[in-house]
Amino acid sequence: MILVTGATGTVGRALIDQLLVAGEQVRATSRNPAAAKLPDDIEVVQADLGDPTRMAVAMREVDRVFLLSTGPDIPEHDAIVADAAARAGVARLVKLSSGRTGDDTATDPIPTWHRAGEQSVRSSGVRWTIVRPLGFMSNALHWAGTIRALGAVHAPYGQGRIAVIDPRDIAAVAAVALTTDGHEGQIYTLSGPQALSPGEQTAVLGEVLGRPLEFVEVAPAQARQAILDHGVPAELADAIMALRATALESFTSVVHDTVERLTGTPPRTFRQWATDHAAEFRSAAA
């Protein structure tokens, strides 16, 4: 039995699909199983990563765990899940971390939170693997509203480049680490095949959608306010902005061969991802 946390997110959902294709038995956690909309042939249990009692129940008869936690609670949640896994005798735990955690100069919140989480996983006694993607292609979905309404992408740090990766390729690496041997104690930094700026991603989206799109660089303060306007707490908004600013550094633009080396398949391009998600960027009238 493989327990998947973060099951309704882009990586967790893709991982579940891949594990089912491989014939694995899967259990997923959700704070609201009735609304999770997960496949009928997996077990979905009600659990919050911050609840040790619920996590202990979720771990019953589980031998492998995929750990995905987010936000300021990452250190606490990772510690709770790692402890529950150790107490349950779990044989293998794969943690989804952040690529920036591997940058020793990164002291902003998200890599700091993940470093604490990684430490809990390492010290748990459970055999572990850590997966560190540099950036998600799916973050471009945040631009869908202005693309539909204005034919434009508004984003800060226009000169920055990140070697973004398709969440399905992150899931593929996690699936390999969960289902095959030889990954104990390994840290895998993941990227897509090319480092792209927001403007370059905008150009690709325009070509895929068959309409001209404009890239408009906005000031960081304006971008932060837009995040706050969507109801995101200030602490998390600041963390997101700090992460976005790292696009200006060389670390996030490095292309890694990890996906192809572990899965045997090259990572998807941003164009492939955009083609598969084009409907989400098109207006209802298009």
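On a predicted model such as this, the values are computed, not experimentally measured, just so you know.

Visitor: What exactly am I supposed to notice about helix H4 (residues 109–122) here?
Guide: In an α-helix, one turn spans 3.6 residues, which is why side chains three or four residues apart end up on the same side. The first and last C-alpha atoms of H4 sit 20 Å apart over 14 residues, in line with the 20 Å expected at 1.5 Å per residue. Turning to H4, its buried residues number three or more, namely Ile 110, Pro 111, Trp 113, His 114, Gly 117, Glu 118 and Val 121. Taken around the axis of H4, the buried residues stretch over an arc of 155 degrees, which confines them to a single face.

Visitor: I keep staring at the pairing of strand S5 (residues 92–96) and nothing clicks. Help me out?
Guide: Regular strands show a simple pattern: their side chains alternate between the two faces of the sheet. Of all 5 residues making up S5, 5 are buried, and the element is well covered by its neighbours. Here S5 shows a buried face lined by Arg 92, Val 94 and Leu 96 and a second buried face lined by Leu 93 and Lys 95. In the sheet, strand S4 (residues 64–67) pairs with S5 via 4 bridges, with the strands oriented parallel. By the bridge assignment for S5, Leu 67 is matched with Lys 95. Between S4 and its parallel partner S5, the chain crosses via helix H3 (residues 74–88), and the hand of that crossover is right-handed. Across 5 bridges, the pairing between S5 and strand S6 (residues 127–133) is parallel. Bridge pairing in S6 places Arg 92 opposite Arg 127.

Visitor: I'm lost on the sheet that holds S6 in this one. Help?
Guide: With parallel pairing, the 7 strands of this open sheet are ordered in space as S3-S2-S1-S4-S5-S6-S8. Two strands close off the open sheet at either side, each with one partner strand: strand S3 (43–46) and strand S8 (186–190). On average, each strand axis in the sheet is tilted by 20 degrees relative to the strand beside it, whichever way the strands run. Of the pairings in the sheet, the one linking strand S1 (residues 2–4) to S4 comprises 3 bridges and is parallel in character.

Visitor: Can you help me understand the pattern of salt bridges in this one?
Guide: Side chains carrying opposite charge are able to pair once their charged atoms draw close together. For the structure on display, the rule yields 19 salt bridges. Among the salt bridges present, the one from Glu 24 reaches Arg 64, with a minimum N-O distance of 3.1 Å. With a gap of 40 residues between them, Glu 24 in the loop between helix H1 (10–21) and strand S2 (26–30) and Arg 64 in strand S4 connect regions that are remote in the sequence. Given the relative accessible area of 21%, Glu 24 is considered partly exposed. Two residues, Arg 27 and Glu 43, come together in a salt bridge whose shortest N-O distance is 3.0 Å. Residue Arg 27 is located in strand S2, and its partner Glu 43 is located in strand S3; the two are separated by 16 residues in the primary sequence. Take Glu 43: its relative accessible area is 34%, and that puts it in the partly exposed class. Within the structure, one salt-bridge network assembled from shared partners comprises Arg 100, Asp 103, Asp 108 and Glu 249.

Visitor: Please clarify how the packing of H3 against H4 should be interpreted in this entry.
Guide: When two helices pack together, their arrangement is given by the angle between their axes and by how far apart the axes lie. Contact geometry of H3 with H4 gives a least axis separation of 8 Å together with a crossing angle of 15 degrees. Regarding the angle of H3 to H4, the classification is roughly parallel. Note on packing geometry: the crossing formed by H3 with H4 is right-handed. For the pair H3 and H4, contact is made by Ile 74, Pro 75, Asp 78, Ala 79 and Ala 82 and by Trp 113, His 114, Ala 116, Gly 117, Glu 118, Ser 120 and Val 121, respectively. Across the contact of H3 with H4, the residue classes tally to 7 nonpolar, 3 polar and 2 charged.

Definitions and cut-offs
Residues numbered from 1 in each chain as written. Predicted model: local features only at pLDDT ≥ 70, side-chain atom pairs only at ≥ 80, totals over all residues. Heavy atoms only, no water. Helix = DSSP H or I, 4+ residues; strand = E, 2+ residues; numbered from the N terminus. Expected span 1.5 Å × (residues − 1). Buried < 20%, exposed > 50% of the residue type's maximum accessible area, 1.4 Å probe, protein only. Arc of directions from axis to C-beta. Pairing = 2+ DSSP bridges. Right-handed = clockwise from strand over helix to strand, strands pointing away. Axes fitted to C-alpha atoms, helices over the stretch in contact; angles between N-to-C directions. Salt bridge = Lys/Arg side-chain N within 4 Å of Asp/Glu carboxyl O. Parallel < 35°, antiparallel > 145°, perpendicular 65-115°, else oblique. Left-handed = near helix turned anticlockwise from the far one by under 90°. Contact = heavy atoms within 4.5 Å. Nonpolar A, V, L, I, M, F, W, Y, C, P; charged D, E, K, R; others polar.

Everything listed here is a matter of geometry and, on its own, says nothing about what the molecule does.
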